[in-house]
Structures are given as structure tokens and as C-alpha cells.
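Here's the letter readout for the chains.
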Amino acid sequence: DWSSDVCSSDLWCDENKVAIIGIDNVDVSTPIESAKFPRECVLFLGQEGAGMSDEAVAVCEQVLAISQYGSTRSMNASAAGAIAMYAWAMQHLPK
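All values derive from a computational prediction rather than experimental measurement. (Residues numbered from 1 in each chain as written. Predicted model: local features only at pLDDT ≥ 70, side-chain atom pairs only at ≥ 80, totals over all residues. Heavy atoms only, no water.)

Draft legend 1. Looking closely at the overall build of the protein. Counting secondary structure elements, the protein contains three helices and four strands. For the protein, the α and β elements follow one another from N to C terminus as α-β-β-β-α-β-α. The C-alpha atoms of the protein give a radius of gyration of 13 Å, which matches the 12 Å a tight globule of 95 residues would have. For the protein, contacts bridging at least 24 residues in sequence account for 65% of all contacts bridging at least 6. In the structure as shown, the protein presents an accessible area of about 6200 Å², 54% of it carried by carbon and sulfur atoms. (Helix = DSSP H or I, 4+ residues; strand = E, 2+ residues; numbered from the N terminus. Rg over C-alpha atoms; globule rule 2.2 N^0.38 Å. Contact = heavy atoms within 4.5 Å. Areas by Shrake-Rupley, 256 points an atom, 1.4 Å probe, with all protein chains shown as cover.)

Here it is as C-alpha cells:
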């Protein structure tokens, strides 16, 4: 049972002990390169251009930024998701 509503999703994650990890370049973000991902987590991606809402940022255990060079703040959501899933996998999948 999953919901597209932020509050309902947060409640589900709390009940199932699953951390919500935001992926967006906002003021509270820390670099994804140095992050420690919980094994049980949901990756919450911001919209291309607009990013994550304040409500979404508030429910995240941590918000991680993907370092970029140049003046571009926004990244394609599928590319950001792939980078975030790879970072999680490097920490948790058998080598």
C-alpha cells in the first residue's frame, strides 16, 4: 500500500521503519558522495526544475545533493534516481 500523498507516505514509512531520503540540491542538502544510506529506505526525488516541496523536505530523514559543475541546478529526475540508487547499492549490495 503506497500513496502519492506526502503525509500518507510518511506515515507508511514510519509504520514500516523505512527512512525517507530526499535527493535534491536545496539549502539543507548534504553531499551524496559522503552520505551513509540506511539499508531500508525510500528515495524521494525532487521534480526537474522545481525540486522538492517544503512539505517533502520536512518528511525526509536526510536530503542529499548530487554534486554538479557549472551553473545548472536541476538534473533530469531519471539520471538523479540512477545516481542515487547506485550510491545506495555501493553500500548495501554484496560485492
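After that view of the structure, there is still more to cover.
Draft legend 2. How the structure looks around the sheet that holds strand β1 (residues 19-23). One open sheet accounts for four strands, arranged β2-β4-β1-β3; its pairing is parallel. In the strand order of this sheet, the two ends are held by β2 (30-31) and β3 (41-45), each with one partner. The pairing of β2 with strand β4 (residues 62-65) spans two bridges and is parallel. Bridge pairing links Thr30 to Leu64 in β4. Across the sheet, helix α3 (residues 77-92) lies against β1 and β3, angled at about 155° from β3, the strand it touches most. (Pairing = 2+ DSSP bridges. Axes fitted to C-alpha atoms, helices over the stretch in contact; angles between N-to-C directions.)

Draft legend 3. Spotlight on the nonpolar core. Counting 13 residues, the largest nonpolar core has Ile21, Ile23, Ile32, Phe37, Leu64 and Ile66 as the members making the most contacts within it. When near neighbours in sequence (up to four residues on either side) are disregarded, Leu64 contacts Ile21, Gly22, Ile23, Asp24, Ser29, Thr30, Pro31, Ile32, Ala35 and Phe37. Formed by 10 residues, the second largest nonpolar core is a distinct cluster that contains Val6, Cys13, Val18 and Val59. (Core = buried A, V, L, I, M, F, W, Y, C linked by side-chain atoms within 4.5 Å. Buried < 20%, exposed > 50% of the residue type's maximum accessible area, 1.4 Å probe, protein only.)

Draft legend 4. Representation of unusual backbone geometry. Of note in the backbone geometry, Lys17 takes a positive phi value of approximately 55° without being a glycine. Its place among the elements puts Lys17 in the loop between α1 (6-15) and β1. Judged by relative accessible area, which is 72%, Lys17 ranks as exposed.

Draft legend 5. Structural context of the environment of Ala89. Tracing the chain through its elements places Ala89 in helix α3. A C-alpha to C-alpha distance of 9.3 Å links Ala89 and Phe37, two positions 52 residues apart in sequence.

Draft legend 6. Here's a closer look at α1. Of the residues making up α1, those classed as buried are Val6, Ser9 and Cys13. Along the axis of α1, the buried residues cluster in a sector spanning 65°; they form a single face. Of the residues in α1, the exposed ones pointing more than 90 degrees away from the buried face are Asp14 and Glu15. Lys17 occupies a position one or two residues after α1 and carries a positive phi of about 55°. (Arc of directions from axis to C-beta.)

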